[in-house]
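Now for the letters of each chain:
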Amino acid sequence: QVDNLLQSDKMALIGQLAAGVAHEIRNPLTSLKGFIQLMKSDTKLNMDYLEIMESEIDRIDTISNELMAFAKPSPKDYQLHNLQSIFENCMTLLEREAIQRKIKVVRKFEDEQVYVYCDDQKIKQVIINLVKNAIEAMEKPGCLTVQLQKKDEFGMLSIQDEGTGIPKDLLEKLGQPFFTTKTSGNGLGLMMCYKIIEEHHGKIHVESEWGVGSTFTIYLPTSPTQ
Ligand code: ADP
Ligand code: MG
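Residues numbered from 1 in each chain as written. Chains lettered and ligands numbered in written order. Predicted model: local features only at pLDDT ≥ 70, side-chain atom pairs only at ≥ 80, totals over all residues.

Colleague: Quick question: what am I supposed to make of the overall build of the chain here?
Modeller: Counting its regular elements, the chain contains 6 helices and 7 strands. Secondary structure elements in the chain, listed N-terminal to C-terminal, are α-α-β-α-β-β-α-β-β-α-α-β-β. Taking the principal axes of its C-alpha atoms as reference, the chain extends roughly 65 × 60 × 35 Å. When burial is assessed residue by residue, the chain has 21% of its 226 residues classed as buried. (Helix = DSSP H or I, 4+ residues; strand = E, 2+ residues; numbered from the N terminus. Buried ≥ 20, exposed ≤ 12 C-beta atoms within 10 Å, placed from the backbone.)

See below:
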């Protein structure tokens, strides 16, 4: 009987996930279809349509990438990597958006060389997501403070924003699939982050105050764990 219960729980969860995925993918598909129809009746090639269509395709691509973190775990390619290098690598992709929004990135790096045992591509995905969320939370110009240091047997990276903050009652929803408060969000980013950090035997902490800002901190082991 217990087995049956678990089985039905699993089915319910799969149903929930499937409904969420279907919903998230249907929106950009509907929009793509609409633009194709418009273009069929239009004699001129409209570049604006193409721009929107491209961004809708990117949206589907993002969703599929983020769900991939939940697919069968990929073979682990863990090595020692410089956490600061991974972070700077991410920033080359995000710096422009930060500048456009007048967000100053303040680096407080206590230790120059913090090496962590990780799959650098996966950690890059995590950092990009956290920094993006931080930037998106800041409606006004301000500072994004990044701290990097060794903490016991972990490398620590924290990202502190001066954004909207997260109401207490929503904190527990972070990382749940499809939980988003954004009109163009998909609510898969944090779920992917939590999953990746867990696979690395690391930790992720959130501190947030509504109206003040949030700090997301990741801890990654500095040496292989069993
Ligand atoms: P998405 O960014 O697509 O909404 P995420 O999983 O990345 O999905 O984030 C889920 C939700 O968590 C966001 O919609 C937002 O409400 C909240 N959140 C995440 N990071 C922050 C942050 N730095 N500041 C405020 N809210 C945040
Ligand atoms: Mg996000």
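Having seen the structure, we can now continue with the description.
Colleague: How do you make sense of the pairing of strand E7 (residues 213–221) when you look at a structure like this?
Modeller: Working note: regular strand, side chains alternate between the two faces of the sheet. Sheet topology places strand E5 (residues 154–160) next to E7; 7 bridges connect them, and they run antiparallel. Its bridge partner lying in E7, glycine 155 is registered against leucine 220. Bridge count for strand E6 (residues 203–209) against E7 is 7 bridges, and the pairing is antiparallel. When the bridges of E7 are listed, histidine 205 appears paired with threonine 217. Between the antiparallel neighbours E6 and E7 lie 3 residues, among them glycine 211 with a positive phi of about 85°. (Pairing = 2+ DSSP bridges.)

Colleague: I would appreciate a short explanation of the site of ligand 1 in the present structure.
Modeller: Around ligand 1 lies a shell of 21 residues, among which Ala137, Thr180, Gly185, Gly189 and Leu190 are the nearest. Every element with two or more residues in the shell around ligand 1 is listed here: helix H4 (120–137) and helix H6 (189–199). No other element matches the 4 residues that H4 contributes to the shell around ligand 1. When the residues that make up the shell around ligand 1 are grouped by side-chain class, the tally is 8 nonpolar, 11 polar and 2 charged. (Near = placed C-beta within 6 Å. Nonpolar A, V, L, I, M, F, W, Y, C, P; charged D, E, K, R; others polar.)

Colleague: So what exactly am I meant to see when it comes to the sheet that holds E5 here?
Modeller: Note: strands within a sheet are paired through backbone hydrogen bonds, in either parallel or antiparallel orientation. Reading across from one edge, E2-E4-E5-E7-E6 is the order of the 5 strands in this open sheet, with mixed pairing throughout. For this open sheet the edge positions go to strand E2 (103–109) and E6, each flanked by a neighbour on one side alone. Pairs of neighbouring strands in the sheet enclose a mean axial angle of 15°, with direction left out of account. Helix-sheet contacts for helix H3 (residues 83–100) involve E2, strand E4 (142–151) and E5, and the interaxial angle to E4 is about 175°. (Axes fitted to C-alpha atoms, helices over the stretch in contact; angles between N-to-C directions. Contact = placed C-beta atoms within 7 Å.)

Colleague: Got a minute to help me understand unusual backbone geometry in this structure?
Modeller: Keep in mind that most residues, glycine aside, have a negative phi and that most peptide bonds are trans. Although it is not a glycine, aspartate 152 adopts a positive phi angle of roughly 50°. Within the secondary structure layout, aspartate 152 lies in the loop between E4 and E5. A count of 7 C-beta atoms within 10 Å places aspartate 152 in the exposed class. Notably, histidine 201 is not glycine yet its phi reads approximately 55°, a positive angle. Note that histidine 201 resides in the loop between H6 and E6.

Colleague: Got a minute to help me understand the confidence of the model for the chain in this structure?
Modeller: Of the residues in the chain, 96% have a pLDDT of 70 or more, and the chain-wide mean is 90. Here the predicted complex scores 0.84 on pTM and 0.99 on ipTM. (pLDDT = per-residue confidence, 0-100.)

Colleague: Which parts of the structure should I look at to understand the nonpolar core?
Modeller: The tendency in soluble globular proteins is for nonpolar side chains to be buried as a group. Counting residues in each nonpolar core, the largest one holds 29 residues, and the members touching the most others are Phe87, Val126, Ile127, Leu130 and Ile159. When contributions to this core are tallied by element, the ones reaching two or more residues are H3, strand E3 (115–118), H4, E4, E5, H6 and E7. Among the elements that line this core, the one with the most residues is H4, at 6 residues. With residues near it in sequence (within four places) discarded, leucine 130 still touches Ile159, Cys193 and Phe216. (Core = buried A, V, L, I, M, F, W, Y, C linked by C-beta atoms within 7 Å.)

Colleague: Sorry if this is basic, but what is going on with the packing of H4 against H6 here?
Modeller: Working note: a packed helix pair is described by the angle between its axes plus the distance between those axes. The contact between H4 and H6 brings their axes to 9 Å, and the two run at 140°. Note that H4 runs across H6; the crossing there is left-handed. The segment H4 lies against H6, with Lys122, Gln125, Val126, Asn129, Leu130 and Asn133 engaging Gly189, Met192, Cys193, Ile196 and Ile197. (Left-handed = near helix turned anticlockwise from the far one by under 90°.)

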